[in-house]
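Read off the chains here:
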Amino acid sequence: WAGRLGVIRLFAQWLHGSDPQHEVPPQTLIPSRYRRPRPYIYSAEEIQRLVEAAAALPSLNGLRALTCSTLFGLLAVTGLRISEALSLNAANVDLDAGVVTLRRGKLGKARLLPISDSTTACLAAYARERDRLLGAPSEPFFVADHGERLTDGGARYNFAAVCQTIGLRPVTKYHRHGRGPRLHDLRHSAASFGLAGGLGLEVIGKLLGHADVKTTRRYAHLSEGYVKAAAESMADGIADLLSPPSK
């Protein structure tokens, strides 16, 4: 309703310019407050299905499926921002040292991101196949079918298509994205997996490129399945303590 009031105020201001007797409703008439969308925490099984469905996307030469499956998997295991991943050049990914150099982080801050051996192996396999399909080394790391850098819109379109394929979003007409779990939620999920694995907020924040641990607290949500398992474990332990001694 606050957004609708803003539209009315613009029209009222235009009328007021031609006739001062027209009143402009105050902006505080309907108080508004920005609410962050609640993140969706993907399960490991859902992430696997996302990557597998992306690998089956139709493609002119195989690059679309290859790029999207690798990109979505990388976002899930590292928590990279989509803009950071898409801005990567091949020179920014050191496959020998297992380090990614992010030169275009949020607010222009650069940082180094270490990646696991398994992630490095996946990226190396992608780079080899990408260059083979293109017939020449590529400057952008993630590319679309014709060898150009994959765009933000292209990544989100393909992600929406994959989500609809596996049932995470409803199928819509005219190739619309629909509503449902977001690409950015892979970043929240990576933080959740890190927290469940015993990493502290400070370490998770450093991996995600946060300047303040308060920001990390918004990202590190424990999944419902993990919380339920922890609650059951706690309940079992308490039950053991409260159980009467055997005679």
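It should be emphasised that the depicted structure is a prediction, and the values quoted were computed from it without experimental measurement.

**A word on the overall build of the protein**
Secondary structure assignment for the protein yields 10 helices and 3 strands. Of the regular secondary structure in the protein, the N- to C-terminal order runs α-α-α-α-β-β-β-α-α-α-α-α-α. For the protein, the proportion of its 247 residues judged to be buried stands at 37%. Expressed as a percentage of contacts within the protein between residues at least 6 apart in sequence, the contacts between residues at least 24 apart total 54%.

**Here we look at the pairing of strand β2 (residues 99-102)**
As paired elements, strand β1 (residues 93-94) and β2 share 2 bridges and run antiparallel to each other. Bridge pairing in β2 links Asp94 to Val99. Joining the antiparallel neighbours β1 and β2 is a turn of 4 residues, in which Gly98 adopts a positive phi near 70 degrees. As judged from the 4 bridges shared by β2 and strand β3 (residues 111-114), these two strands associate in the antiparallel manner. Within the sheet, the bridge partner assigned to Val99 lies in β3 and is Pro114.

**Re the packing of aromatic side chains**
Per the stated rule, a full pass over the model turns up 7 aromatic pairs. Taking the ring centre of Phe141 as reference, the NZ or CZ of Arg130 above it sits at 5.0 Å.

**Examining the packing of helix α2 (residues 44-54) against helix α3 (residues 63-78)**
Close contact between α2 and α3 brings their axes to 7 Å; oriented N to C, the two are set at 160 degrees. Classed by the angle they form, the pair α2 and α3 counts as roughly antiparallel. Seen from above, α2 lies across α3 with right-handed handedness. The segment α2 lies against α3, with Ile47, Val51 and Ala54 engaging Ala65, Cys68, Ser69, Phe72, Gly73 and Ala76. When grouped by side-chain class, the residues that make up the contact of α2 with α3 number 7 nonpolar, 2 polar and no charged.

**With respect to the pattern of salt bridges**
The tally for this structure, following the rule as stated, stands at 7 salt bridges. Note that Arg81 and Glu84 form a salt bridge whose closest N and O atoms lie 2.6 Å from each other. Taking the relative accessible area as the measure of exposure, Arg81 reaches 12% and is therefore buried. Among the salt bridges present, the one from Asp152 reaches Arg156, with a minimum N-O distance of 2.8 Å.

**Observations concerning the side chain of Arg64**
By secondary structure assignment, the location of Arg64 is in helix α3. Of the buried charged residues, Arg64 lacks a salt bridge, with Asp145 as the closest side chain of opposite charge at 5.9 Å. At 2.6 Å, the side chain of Arg64 and the side chain of Asn158 are in polar contact. Residues within four places of Arg64 in sequence aside, it is in contact with Leu57, Pro58, Ser59, Asp145, Tyr157 and Asn158.

**Looking at the sheet that holds β3**
Spatial ordering of the open sheet is given by β1-β2-β3, a layout of 3 strands whose pairing is antiparallel. Where the open sheet ends on each side, the last strands, each with one partner, are β1 and β3.

**Structural notes on the environment of Ile47**
Secondary-structure assignment places Ile47 in helix α2. According to the relative accessible area criterion, Ile47 is buried, its value standing at 13%. Spatially, the C-alpha atoms of Ile47 and Ala76 are 7.3 Å apart, while their sequence positions differ by 29 residues. Every residue in contact with Ile47, bar those within four places of it in the chain, is listed here: Tyr42, Ala76, Leu186 and Phe193.

**Considerations on helix α8 (residues 201-208)**
Those residues of α8 that sit buried are Ile204, Gly205 and Leu208. Buried residues of α8 fall within an arc of 100 degrees about the axis and therefore sit on the same side. Set apart from the buried face of α8 by more than 90 degrees, the exposed residues are Glu202 and Lys206. Within two residues after α8, Gly209 carries a phi angle of roughly 80 degrees, on the positive side.

**What to know about α2**
Residues of α2 that are buried: Glu46, Ile47, Leu50, Ala53 and Ala54. Looking straight down α2, one finds its buried side chains confined to an arc of 130 degrees; they lie on one side. Buried positions along α2 lie against α3, α6 (152-166) and α7 (185-196).

Calculation criteria
- Numbering of residues starts from 1 in each chain and follows the order in which that chain's sequence is written.
- Local features in this predicted model are restricted to residues whose pLDDT is 70 or higher, and side-chain atom pairs enter the listing and the counts only when it is 80 or higher, whereas totals over whole chains, interfaces and linings include all residues.
- Water and hydrogen atoms were dropped before computing side-chain values, which therefore reflect all heavy atoms in the structure.
- Going along the chain from the N terminus, every DSSP run of H or I of four or more residues is numbered as a helix, and every run of E of two or more is numbered as a strand.
- We call a residue buried when its accessible area falls under 20% of the maximum for its residue type, exposed when it is over 50%, and partly exposed in between, using a 1.4 Å probe and counting protein chains only.
- Note on contacts: a residue pair is in contact if any heavy atoms of the two residues lie within 4.5 Å.
- Two strands are counted as paired when DSSP detects at least two bridges linking them.
- We call Phe, Tyr and Trp rings a pair once their centres come within 6.5 Å, taking the six-membered ring for Trp, and we label the pair stacked below 30 degrees between planes, edge-to-face above 60, and tilted otherwise.
- Two conditions define a charge sitting above a ring: the NZ of Lys or the CZ of Arg must be within 6 Å of the ring centre, and it must be within 35 degrees of the ring normal.
- Each axis is a line fitted through C-alpha atoms, taken for helices only over the stretch in contact, and angles between the N-to-C directions span 0 to 180 degrees.
- Put simply, angles under 35 degrees are roughly parallel, angles over 145 are roughly antiparallel, angles from 65 to 115 are roughly perpendicular, and the rest are oblique.
- Take the far helix as your reference; a near helix turned counterclockwise from it by less than a right angle gives a left-handed crossing, and one turned clockwise gives a right-handed crossing.
- By the convention adopted, Pro, Cys, Tyr, Trp, Phe, Met, Ile, Leu, Val and Ala count as nonpolar, Lys, Arg, Asp and Glu as charged, and the other residues, Gly among them, as polar.
- Put simply, a salt bridge is a Lys or Arg side-chain nitrogen that is within 4 Å of an Asp or Glu carboxyl oxygen.
- His is not counted, nor are the chain ends; Lys and Arg add positive charge and Asp and Glu add negative charge.
- In the analysis that follows, any N or O atom pair within 3.5 Å is treated as a polar contact, provided that within protein one partner can donate a hydrogen and the other can accept it, and provided that, for residues neighboring in sequence, both atoms belong to side chains.
- Along the arc lie the directions from the helix axis toward the C-beta atoms.

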